[in-house]
Amino acid sequence: MRRSTKLFTLALAAMTFGLVGCKDGATNTAATVETSAPPATVDDHAEHAHPSEGPHHGGLIELGNEEYHAELVHDEDTGSVTIYVLNAAATEQIPIESTEITINVKHDGKPEQFKLAASPDANDPQGKSSRFVSTDAELGEHLDEEGADPKLVLTINGKSFRGTIAHDHDHEGHDHE
C-alpha cells in the first residue's frame, strides 16, 4: 500500500509540473525567450526608463544599482556645484538626512575631498535636504581635469552610496580635438 501511495504522489507531481511547464508549449517558450531578448548594446541602459539629464538639466550620476540618482549642476559663472538627490527614475528630488555630502577627486595624482553643504529646497521637510551646494570654484575646475575620476559619496536611509561623476559640458555635440 505504501508503495502505491508513493507512486501515485510521484505521478501526480509529474503531471502537475508537466501541465504547468507545458501551458504555452515548452518549445514555443524556449524560442520566445531566445528571440525576444534584445541584443547587448549601449542602449540597454534605456530600458531603465529615466531621462538622459536631470530635472535641472544637469548630468546624472547613478547610485547603487539604479536605486537612486543624483544630478550635478555646475554653474560656471559663479563656480558653484549643486547636487540634487533624485529617485530611481531621476525625475523627483528625494530629501535625505545628511548635513553634507562629499565629492572625491584626484588632482595632480593626489586625492582631494570637497564637502557640499545641505541647502534644503522649499519642499524639503525639516531636517532633510535634497540639494547640496559647494561654492568652492576649485571643485568645478577639478571636475573638468583629465584623470580627476570624481566620485560622489553620500548616505541615503543608512546605506552608503558611491557614484562616478561623468562631468562634461554641453558642447552641443562638438568633438574635442
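Position labels on residues start from 1 in each chain and follow its written sequence. Local features in this predicted model are restricted to residues whose pLDDT is 70 or higher, and side-chain atom pairs enter the listing and the counts only when it is 80 or higher, whereas totals over whole chains, interfaces and linings include all residues. To get the side-chain values, all heavy atoms of the structure are used, and hydrogens and water are removed first.

1. Brief notes about the pattern of salt bridges
Pairing is possible between side chains of opposite charge, provided their charged atoms come close.
Right, on to step 1. What counts as a salt bridge is simple: a side-chain nitrogen of Lys or Arg found within 4 Å of a carboxyl oxygen of Asp or Glu. In this structure the tally under the stated criterion is five salt bridges.
Right, on to step 2. Across the salt bridge formed by Lys159 and Glu67, the nearest N and O atoms sit 2.9 Å from each other. With Lys159 in strand β8 (residues 159-164) and Glu67 in the loop between β1 (59-63) and β2 (68-74), this pair connects stretches of sequence that are 92 residues apart.
Right, on to step 3. With a relative accessible area of 33%, Glu67 lands in the partly exposed category.
Right, on to step 4. Among the ionic pairs, Glu100 bridges to Lys115, the shortest N-O distance being 3.8 Å. Of this pair, Glu100 sits in strand β4 (residues 100-107) while Lys115 sits in strand β5 (residues 110-118), placing them 15 residues apart in sequence.
Right, on to step 5. Classification of residues uses two cut-offs on accessible area relative to the type maximum, computed with a 1.4 Å probe and protein chains only: under 20% is buried, over 50% is exposed, and between them is partly exposed. Judged by relative accessible area, Lys115 falls into the partly exposed class, the value being 41%.
Right, on to step 6. Through salt bridges that share partners, Lys106, Asp149 and Lys151 make up one connected network. Every helix listed is a DSSP run of H or I at least four residues long, and every strand listed is a run of E at least two residues long, numbered separately from the N terminus.

2. What to know about the confidence of the model for the chain
Right, on to step 1. Confidence of the prediction at every residue is given by pLDDT, a number between 0 and 100. Counting all residues, the mean pLDDT for the chain is 77, and 66% of those residues have values of 70 or more.
Right, on to step 2. At the low end of the mean pLDDT range in the chain sits helix α2 (residues 26-36), at 36; at the high end sits strand β6 (residues 131-134), at 98.
Right, on to step 3. Here residues 10-46 is modelled with pLDDT under 50, and outside its nearest four sequence neighbours on either side it reaches five contacts, counting other chains as well.
Right, on to step 4. In the model, residues 169-177 has pLDDT below 50 throughout and makes four contacts with residues more than four positions away in sequence or in other chains. In this description, contact between two residues means that some pair of their heavy atoms is separated by no more than 4.5 Å.

3. Re the pairing of β5
Right, on to step 1. We call two strands paired when DSSP finds no fewer than two bridges between them. Here β4 runs beside β5; their pairing, made up of eight bridges, is antiparallel. Residue pairing in the sheet places Val105 in a bridge with Glu112 of β5.
Right, on to step 2. Between the end of β4 and the start of β5, which pair antiparallel, lie two residues, with Asp108 showing a positive phi angle near 55°.
Right, on to step 3. Where β5 and β6 come together, two bridges link them in antiparallel fashion. Bridge pairing in β6 links Ala118 to Phe132.

4. Some thoughts on the nonpolar core
Right, on to step 1. Core analysis: the biggest nonpolar cluster contains 22 residues, and Leu63, Ile83, Ile103, Leu152 and Leu154 have the highest contact counts within it.
Right, on to step 2. Contributions of two or more residues to this core are made by β1, β2, β3 (81-86), β4, β5, α3 (137-143) and β7 (151-156).
Right, on to step 3. Here Leu152 is in contact with Ile61, Leu63, Ala70, Ile83, Ile101, Thr102, Ile103, Phe161, Arg162, Gly163 and Ile165, once residues within four sequence places are set aside. Residues belong to a common nonpolar core when they are buried Ala, Val, Leu, Ile, Met, Phe, Trp, Tyr or Cys residues joined through side-chain atoms within 4.5 Å.

5. Examining the sheet that holds β7
Right, on to step 1. Taking strand neighbours across the sheet as the criterion, the eight strands line up as β1-β2-β3-β6-β5-β4-β7-β8 in an open arrangement whose pairing is antiparallel. In this open sheet, the two strands that pair with only one neighbour each are β1 and β8. The average undirected angle you get between the axes of adjacent strands in this sheet is 25°.
Right, on to step 2. Bridge analysis of β2 against β3 gives six bridges, and the strand direction is antiparallel. By the bridge assignment, Val73 is partnered in β3 with Thr82. Structural elements are reduced to axes, namely lines fitted to C-alpha atoms, with helices fitted over the stretch in contact, and the angle between N-to-C directions of any two is expressed from 0 to 180 degrees.

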